[in-house]
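# Survey of secondary and tertiary structure
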Amino acid sequence: MTPQDPNVTTSLRVIPRDQHSVSRKDISPNALRVLYRLREGGFGAFLVGGAVRDALVGGHPKDFDVATDATPEQVRALFRNCRLIGRRFRLAHVVFGREIIEVATFRANIDDGSGDRETHEGGRVLRDNVFGSIEDDAVRRDFTANALYYAIEDFSIRDYVGGFEDVQNRLMRLIGDPETRYREDPVRMLRAVRLAAKLDFEIEAATAAPIPMLAPLLAESAPARLFEECLKLFLSGHAVASFERLERHGLLSALLPETAAALASNRSGALRRMLLAGLAGTDQRVANDEPVSPAFLFALLLWPAYCRSLMALQARGMHTAEAQRRAADQVTVHQLQRIALPRRFSLPMQEIWLLQSRFSQRQRKRVFRLLSHPRFRAAYDFLLLRLTASNEHAADVEFWREAQLESGDALSARLEAEAHGDGDTDDAAPRKRRRRRRSGSAVAAGE
Ligand code: ATP
Ligand code: MG
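This section reports on the structure supplied with the text. (Residues numbered from 1 in each chain as written. Chains lettered and ligands numbered in written order. Predicted model: local features only at pLDDT ≥ 70, side-chain atom pairs only at ≥ 80, totals over all residues. Heavy atoms only, no water.)

## Description of the packing of helix α15 (residues 294-315) against helix α17 (residues 343-355)
- The contact between α15 and α17 brings their axes to 8 Å, and the two run at 55°. By the angle class used here, α15 and α17 are oblique. Remark: the crossing between α15 and α17 carries right-handed chirality. Contacts from Pro 294, Ala 295, Phe 296, Phe 298, Ala 299, Leu 302, Trp 303 and Tyr 306 of α15 reach α17 at Phe 345, Pro 348, Met 349, Ile 352, Trp 353 and Leu 354. (Axes fitted to C-alpha atoms, helices over the stretch in contact; angles between N-to-C directions. Helix = DSSP H or I, 4+ residues; strand = E, 2+ residues; numbered from the N terminus. Parallel < 35°, antiparallel > 145°, perpendicular 65-115°, else oblique. Left-handed = near helix turned anticlockwise from the far one by under 90°. Contact = heavy atoms within 4.5 Å.)

## Observations regarding the site of ligand 1
- Taken together, 17 residues form the shell around ligand 1, and within it Arg 53, Asp 185, Arg 188, Arg 194 and Lys 198 come nearest.
- In the model, an oxygen atom of ligand 1 is placed 3.1 Å from a nitrogen or oxygen of the Asn 146 main chain.
- With respect to ligand 1, the side chain of Lys 198 contributes an N or O atom lying 2.6 Å from an oxygen atom.
- About the coverage of ligand 1: the protein hides 81% of its 590 Å² of free accessible area.
- Mapped onto the shell around ligand 1, the elements with two or more residues apiece are α2 (50-56), α7 (187-199) and α10 (223-234).
- Its residues assigned to classes, the shell around ligand 1 shows one nonpolar, three polar and 13 charged. (Near = heavy atom within 4 Å. Polar contact = N/O pair within 3.5 Å; in protein donor to acceptor, adjacent residues only side chain to side chain. Areas by Shrake-Rupley, 256 points an atom, 1.4 Å probe, with all protein chains shown as cover. Nonpolar A, V, L, I, M, F, W, Y, C, P; charged D, E, K, R; others polar.)

## Let's talk about the sheet that holds strand β3 (residues 65-68)
- On the basis of which strands lie adjacent, the open sheet formed by eight strands has the order β1-β12-β11-β2-β3-β6-β5-β4 and mixed pairing. Each having just a single partner strand, β1 (13-15) and β4 (82-85) make up the two edges of the open sheet. With strand direction ignored, the average angle separating the axes of adjacent strands in the sheet is 30°.
- In this sheet, strand β12 (residues 157-159) lies alongside β1 in antiparallel orientation, the contact comprising three bridges. When the sheet's bridge partners are listed, Val 14 is paired in β12 with Arg 158.
- Sitting on the sheet, helix α1 (residues 29-40) is in contact with β2 (45-48), β3, β5 (91-96) and β6 (99-105), with an inclination near 35° to β6. (Pairing = 2+ DSSP bridges.)

## A short note on the packing of α7 against helix α11 (residues 239-248)
- The geometry of α7 relative to α11 is characterised by a closest axis approach of 8 Å and an angle of 140° between their N-to-C directions. The pairing of α7 with α11 is recorded here as oblique in orientation. Regarding α7 and α11, the two cross each other, and that crossing is right-handed. Counted together, Leu 190, Val 193, Ala 196 and Ala 197 of α7 and Ala 241, Ser 242, Arg 245 and Leu 246 of α11 form the full contact between these two elements.
- The residue makeup of the contact of α7 with α11, split by class, is six nonpolar, one polar and one charged.

## Considering the environment of Ala 108
- On the secondary structure map, Ala 108 appears in strand β7 (residues 107-108).
- Residues Ala 108 and Asp 136 lie 28 residues apart in sequence; the distance between their C-alpha atoms is 4.8 Å.
- Apart from residues lying up to four places away in sequence, Ala 108 is in contact with Val 130, Phe 131, Gly 132 and Asp 136.

## Side note on the environment of Ala 77
- Summarising the element assignment, Ala 77 is placed in helix α3 (residues 72-78).
- With 36 residues separating them along the chain, Ala 77 and Gly 41 place their C-alpha atoms 9.8 Å apart.

## Examining the pairing of β5
- Where β4 and β5 come together, four bridges link them in antiparallel fashion. Bridging from a neighbouring strand, Ile 85 pairs with Leu 91 of β5.
- Joining the antiparallel neighbours β4 and β5 is a turn of five residues, in which Gly 86 adopts a positive phi near 90°.
- When β5 meets β6, the two strands line up antiparallel, connected through five bridges. Each residue of the ladder has a partner; that of Ala 92, found in β6, is Val 103.
- Adjacent in sequence and paired antiparallel, β5 and β6 are bridged by two residues, among which Gly 97 carries a positive phi angle near 55°.

Given below as C-alpha cells:
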C-alpha cells in the first residue's frame, strides 16, 4: 500500500531484459543520450509512459518521456541544451534540433497539506506540484499500461501497478478507483477510448463502466485540451475505431452533442455512413503519409449538425442562402463552447459547407469562379464523400470531375453549348445532360 492513495495497492515487479521486448533499437538515440547522461550523473533514469507501452506492443514510439529522481535544476545542470518549462509543474526539455526529450522529476499526487495541490469541489485536480518517489510517480499516472518504467541501468522494466500483464492482455485499466480518477480529470475518458482504439486494446470492465454516466463531465474540461484530444482521436490513423468507441461508451454526445443528435434522428443512417466513409478516408491518408486537415475533419464531424440546423431554419421559411450561413454559424458557435476550434480551421470548415450548394450551378462565370476558389479542392473532396450518403450528387460529381480535367477553352465551349440547349439534343452525343438548378438542392435533403 502506498500512503498516498488507499485505493491503490502497489507491489514492484521487475521484468528483466530477457523477458520483455523493449529494445534500445525502439528508443530514439537522443532519448538514450539523455538516459545515459542522467545515469552518469548518479541519478535514476527511466523511459516511461507511451513509449514503453508502444514499444511493448510492437509499435514505433514517436515521443519519449523520461522520468528521474533528479530535480529540474539538477537536470538543467547536466545538459547545455536544456530549458525548464511549466509553472504548474516544472519539467525539463532537452532539445536536440527538432526533437525534444521531456524529462520529469518523479512526482506525487498527494494532498499533504503543503498547499501545493488544490482540488475543486468536483474532484478535479487543478494543481499538483510535489516531488515524490518512483512509486508515487507510477500511481498518479492514468492507466497501468502507461505506468511502466524502462530502466537504463539494467534494461529491465519496473512495474508497480500490474501494467505489464495488462499490456500482454491488451487491456486499458485505470490505476485506482475509476470514478475518482475520471472526476479528477474527465479527459481520461477520452484517453481510454483513444488509446484502446490506437492499440486495439479493450477497456477493462471496471474502467469502462462509469464512462457513460460521467461523460457529461467533459463539458467542464478546457476546450483547448479537447481540441488537441480530438486531433489525436481522429488524425492519427485510427479515426474509425475512435469514433465507434466514442459512440459505444456514450462519449459522442458529450464531445459533439449536435452531431450525436443529428445522427440519432437520421433514420436512413446515411449521415453516419458518410461520416464513417470520411473517417476511413482520413485513416487511409494517414497510412499513406498524405496530409490531413483539421478543417476538413471538423467539416465532416459537424456536417450532420449543419444539415440538421439548416433543415430547421428552412422549415421556418428562411431563404436558402441565409439559412446556410446561419446554420454554419450556429453549429460553429455551439460547438466552440465545448471544443476550441481555432478560427484558422473553423473558417475553411464553413467554406467547405457553404461551397456545397454551388456545385449545382452551371453558369459559365460561376463555374470558373468556383474552380479557382482556394477551397475548391477540399469542397470537391467533400462532395465526393456526400455521394456515399446519397446518389443525388452523382451528376454534380461527374460534371466537376470533367471540369477540372478540361482546358478552360473546352469547358467554356461546353458550358456555352449547354446554355443554349445544344447539350440536350440527341444528335450531338452530349457528354452529359444539363442538370436543372434547384435552389438549395445541395443540402436541402439533409444528406
Ligand atoms: P500518446 O503519446 O500515444 O498520445 P501517451 O500515453 O504517451 O500516449 P501523453 O499525453 O504523451 O500520452 O502522456 C505521457 C504520459 O503521461 C502517459 O503515458 C501517462 O503516464 C501520463 N499522463 C498523461 N495524461 C495523463 C492524465 N490525464 N492523467 C494521468 N496521467 C497522465
Ligand atoms: Mg506520448
